[in-house]
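Topology and contacts: notes
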Amino acid sequence: MGLETKISEKKRRYWQYAKNMGVVFSFMSIATLGALAYLHLGQNDASVSIIYVLAVMFTARCTTGYVAGIVASLLGVFCVNFAFTYPYMSLNFSIDGYLVTFGGMMIISSITSVTTTQLKEKNKILKERDKMLLEAEKETMRANLLRAVSHDLRTPLTGMIGMANAYLEGGDHMSEREKREMVVNIREDANWLLNMVENLLTVTRIQVGDTKVNTNPEPLEEVVSEAMMRFRRRLPKAKVRVSVPDEFLMVPMDAMLIEQVIINLLENAVYHSGVEDEIEFRVTKEAENAVFHIRDFGKGIDPARLDTIFDGVGIDKNGSGDSHKGMGIGLTICKTIITAHHGTICAVNHDRGAEFIFTLPLGEEKNEQ
């Protein structure tokens, strides 16, 4: 296996070397043709060297390593001396001042090549570092998501098992009303679990490798309407006041994923505000973004949790046994979806409660009249 790897690496190097030399000769050929055309137009041949310096710069930009740029510098110097310096079609460095001129051109070309190559290497290192940081962030999010799953799913399951056992063991001594309340509670917890599973399946629609989603311009009003229909089927008693811009907006998005975000945030406002007051759901157009505001008028969010609430690390410890207290999965998935859309999401407190705000870039197609 080691020998095969070495052979493969050697082939890759030879291929890269051949590719680099091909780039060198291509740019030198283009520079020569350009210089000939320049002289044909009757221009000063003293400026020909600048054309070759530019060719060296482009060569260094389009190749890897230092060799190609240095080879291009040498070829540029010899081309200028051979084809564009008297006596033509011969090499002559003996004429007064020529050696200094060509030496200066060689130094400038080489420095340009080395500097360009060093900048490329630095950019490569920075990209690798950013990639490592992104991978570390993904791993952290996965760990937080697993922690949120263990909390948010275990609590309703424990409650359902407890109520089922109580029904089986003491059902003969319960009134019809108590039995109905118990079945209703089991149904609510089952629906909650179904919602959590939908959330987890939603994440699988995002390409984990590059955290991108397939977006298409979608009518904003239709997406909001569909999200509200799905939300009201789940929570028909919830009161929500919806406001969208009068302007017809087409927003690049994966409609199903964004609907899931809206539903998650609305359910979060219902379950965690601590009151039954009307929720305000407002969408505005601000600069190059569509901005979604979901505001409740309840107890607000603990300020210590605001910075980590979307990471699944600030989960409420549920001492009451209410399965709806866990916010981990839903908010973590909201952040994953919005980040994949190149948007932003945050949570803030206002005078009378909490507000969740997320943005979606409008992209090239902002609106249609």
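Under the annotation held in an unreviewed UniProt entry, the protein chain carries the name histidine kinase and is attributed to Brotaphodocola catenula. Of the comments in the UniProt record for the protein chain, the one headed Subcellular location (unreviewed entry) reads "Membrane". Its UniProt record gives the protein chain the following Catalytic activity (unreviewed entry) comment, quoted word for word: "ATP + protein L-histidine = ADP + protein N-phospho-L-histidine."

Before going further, it helps to spend a moment on the nonpolar core. Core analysis: the largest hydrophobic core is formed by 44 residues, its most contacted members being Ile258, Leu266, Phe281, Phe292 and Phe358. Elements supplying a minimum of two residues to this core: helix 6 (220-234), strand 3 (250-253), helix 7 (255-272), strand 4 (279-286), strand 5 (289-295), helix 8 (328-340), strand 6 (344-350) and strand 7 (353-361). Ranked by residues supplied to this core, first place goes to helix 7 with 9 residues. Each residue touching Phe358, except ones within four places of it in the same chain, is listed here: Ile258, Val261, Ile262, Leu265, Ala290, Val291, Phe292, Ile338, Thr344 and Ile345.

Let us now look at the sheet that holds strand 5. In a beta sheet, neighbouring strands pair by backbone hydrogen bonds and run either parallel or antiparallel. The strand order across the open sheet built from 5 strands is 2-4-5-7-6, with neighbouring strands paired in mixed fashion. Every interior strand has two partners, whereas the edge strands, strand 2 (240-243) and strand 6, have only one. Taken over all neighbouring pairs, the strand axes of this sheet differ in orientation by 15° on average, direction set aside. Where strand 4 lies against strand 5, 7 bridges are found, and the strand directions are antiparallel. The residue bridging Glu286 from the neighbouring strand is Asn289, located in strand 5.

This brings us to the packing of aromatic side chains. A full pass over the atoms with the stated rule returns 3 aromatic pairs. Judged by centre distance (5.9 Å) and plane angle (90°), the rings of Phe310 and Phe356 are edge-to-face. Of this pair, Phe310 sits in the loop between strand 5 and helix 8 while Phe356 sits in strand 7, and the two are 46 residues apart along the sequence. For the pair formed by Phe310 and Phe356, the shared burial category is buried.

A rise of 1.5 Å per residue sets the reference length of helix 6, with its 15 residues, at 21 Å; its end C-alpha atoms lie 22 Å apart and thus fit the reference within 8%. Those residues of helix 6 that fall on the buried side of the exposure criterion are Leu220, Val223, Val224, Ala227, Met228, Arg230 and Phe231. Seen end-on, helix 6 carries its buried residues on one side only, within an arc spanning 165°. Exposed residues pointing more than 90 degrees away from the buried face of helix 6 are listed as Glu221, Glu222 and Arg233.

Conventions we followed
Residues numbered from 1 in each chain as written. Predicted model: local features only at pLDDT ≥ 70, side-chain atom pairs only at ≥ 80, totals over all residues. Heavy atoms only, no water. UniProt positions renumbered as here; feature names shortened; annotations may be inferred. Core = buried A, V, L, I, M, F, W, Y, C linked by side-chain atoms within 4.5 Å. Buried < 20%, exposed > 50% of the residue type's maximum accessible area, 1.4 Å probe, protein only. Helix = DSSP H or I, 4+ residues; strand = E, 2+ residues; numbered from the N terminus. Contact = heavy atoms within 4.5 Å. Pairing = 2+ DSSP bridges. Axes fitted to C-alpha atoms, helices over the stretch in contact; angles between N-to-C directions. Phe/Tyr/Trp six-rings, centres within 6.5 Å; stacked < 30°, edge-to-face > 60°. Expected span 1.5 Å × (residues − 1). Arc of directions from axis to C-beta.

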